Amino acid sequence: LLEVQGYQIFVDGVFNGDPHPGNIMRLNDGRLGLIDYGNVKRFSVADRARLGHLVVALADGDRSLIVEKAKLLGFRTRYDDPEVIYRLARLSFDRDDAESMVLPDGTAPANVQAYFEALAKLDPMTQMPPNFVMAARNSFLLRGLGTHFGVELRTATLWRQLAMHAV
């Protein structure tokens with residue numbers, strides 16, 4: 001499922017913006033059936049490349065490049081704090097496990113919402129890249145499915161090869 005969504009985002013440039021469990025079926029022969037493409041997003045070649053650069057930087061763990069690519073994508077915060085921008089990009093397109101949700105002061109909020117709110121107190125987000133919200137939603141929903149099945153997922157790591165295709 002992660003591969004299919006990544007392929008749609010980075011290769012096809014057309015993807016289902018709502019891959020929640022109600023829109024996924026297991027067919028009798030074991031294949032996945034994806035239904036309800038009522039919320040479809042299209043990416044230009046340039047959009048795919050911009051997101052691809054960020055995903056590759058996230059997969060490689062290059063903090064300064066992550067911040068640079070996140071800003072190019074459209075992440076904005078009130079104070080332009082690179083630490084907060086880095087964490088927002090990682091939360092949006094890579095991971096939300098306990099290890100990754102530790103604040104700069106070492107505290108660990110109880111869940112994603114509390115982590116997001118704590119980041120907002122440090123440096124409020126003023127703009128989420130409007131053209132990329134649905135791709136971030138994909139990353140969140142797919143990681144949530146992984147959590148449901150007891151699997152920690154890093155979408156940037158799993159999408160790296162497909163993102164490379166886009167850059």
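Everything quoted here is computed from the prediction, not taken from an experiment. (Residues numbered from 1 in each chain as written. Predicted model: local features only at pLDDT ≥ 70, side-chain atom pairs only at ≥ 80, totals over all residues. Heavy atoms only, no water.)

### Considering helix H3 (residues 63-73)
Piece 1. For H3, the full list of buried residues reads Ile66, Val67, Lys69, Ala70 and Leu73.
Piece 2. Buried residues along H3 sit in contact with helix H2 (45-60) and helix H4 (82-93).
Piece 3. Looking one or two residues past H3, glycine 74 carries a phi angle of roughly 125 degrees, positive in sign. (Buried < 20%, exposed > 50% of the residue type's maximum accessible area, 1.4 Å probe, protein only. Helix = DSSP H or I, 4+ residues; strand = E, 2+ residues; numbered from the N terminus. Contact = heavy atoms within 4.5 Å.)

### Quick look at unusual backbone geometry
Piece 1. Positive phi outside glycine occurs at aspartate 36, with the angle close to 60 degrees.
Piece 2. Locating aspartate 36 in the fold gives a position in the loop between strand S3 (32-34) and strand S4 (40-42).
Piece 3. Residue classification places aspartate 36 among the partly exposed positions, given a relative accessible area of 45%.
Piece 4. At aspartate 80, a position not held by glycine, the phi torsion is positive, near 60 degrees.
Piece 5. As for its placement among the helices and strands, aspartate 80 is situated in the loop between strand S5 (76-77) and H4.
Piece 6. Under the relative-accessibility criterion, aspartate 80 is labelled partly exposed at 41%.

### Observations concerning the nonpolar core
Piece 1. Residues Ile9, Phe10, Leu51, Leu54, Phe75, Phe93 and Trp159 are the most contacted members of the largest nonpolar core, which totals 41 residues.
Piece 2. Within the residue set of this core, elements represented by two or more residues are helix H1 (2-12), H2, H3, H4, helix H5 (112-122), helix H6 (133-148) and helix H7 (155-166).
Piece 3. Among the elements that take part in this core, H4 stands out by supplying seven residues, more than any other.
Piece 4. If we skip the residues at most four places from it in the chain, leucine 54 touches Ile66, Lys69, Ala70, Leu73, Phe75, Ala89 and Phe93. (Core = buried A, V, L, I, M, F, W, Y, C linked by side-chain atoms within 4.5 Å.)

### Re the packing of H1 against H6
Piece 1. Look at H1 against H6: their axes get within 11 Å of each other, and the N-to-C directions meet at 175 degrees. Comparing their axes, H6 and H1 come out roughly antiparallel. The residues of H6 that touch H1, namely those facing Leu2, Gln5 and Ile9, are Ala135, Asn138 and Leu142.
Piece 2. Residues of the contact of H1 with H6, tallied by class, amount to four nonpolar, two polar and no charged. (Axes fitted to C-alpha atoms, helices over the stretch in contact; angles between N-to-C directions. Parallel < 35°, antiparallel > 145°, perpendicular 65-115°, else oblique. Nonpolar A, V, L, I, M, F, W, Y, C, P; charged D, E, K, R; others polar.)

### What to know about the packing of H3 against H4
Piece 1. Between H3 and H4, the least distance of the axes is 9 Å, while the angle of their chain directions is 80 degrees. As far as their axial angle goes, H4 and H3 are roughly perpendicular. Contact residues: Arg63, Ile66, Val67, Ala70, Lys71 and Leu73 in H3; Pro82, Glu83, Ile85, Tyr86, Ala89 and Phe93 in H4.

### So, H6
Piece 1. The end-to-end C-alpha distance of H6 is 22 Å, a good match for the 22 Å that 16 residues give at a rise of 1.5 Å each.
Piece 2. Listing the buried residues of H6 in full gives Ala135, Ala136, Asn138, Ser139, Leu142, Arg143, Leu145 and Gly146.
Piece 3. Contacts from the buried residues of H6 go to H1, strand S1 (14-16), strand S2 (24-26), H2, H4 and H7. (Expected span 1.5 Å × (residues − 1).)

### So, the packing of aromatic side chains
Piece 1. Scanning all chains against the criterion turns up four aromatic pairs.
Piece 2. Taking 5.1 Å as the distance between ring centres and 45 degrees as the angle between the ring planes, the aromatic pair formed by phenylalanine 43 and phenylalanine 132 counts as tilted. Of this pair, phenylalanine 43 sits in the loop between S4 and H2 while phenylalanine 132 sits in the loop between strand S6 (125-127) and H6, and the two are 89 residues apart along the sequence.
Piece 3. Assessed through its relative accessible area of 5%, phenylalanine 43 is described here as buried.
Piece 4. Site record: aromatic cluster; members linked through ring pairs are Phe15, Phe43 and Phe132. (Phe/Tyr/Trp six-rings, centres within 6.5 Å; stacked < 30°, edge-to-face > 60°.)

None of this, on its own, says anything about what the molecule does.
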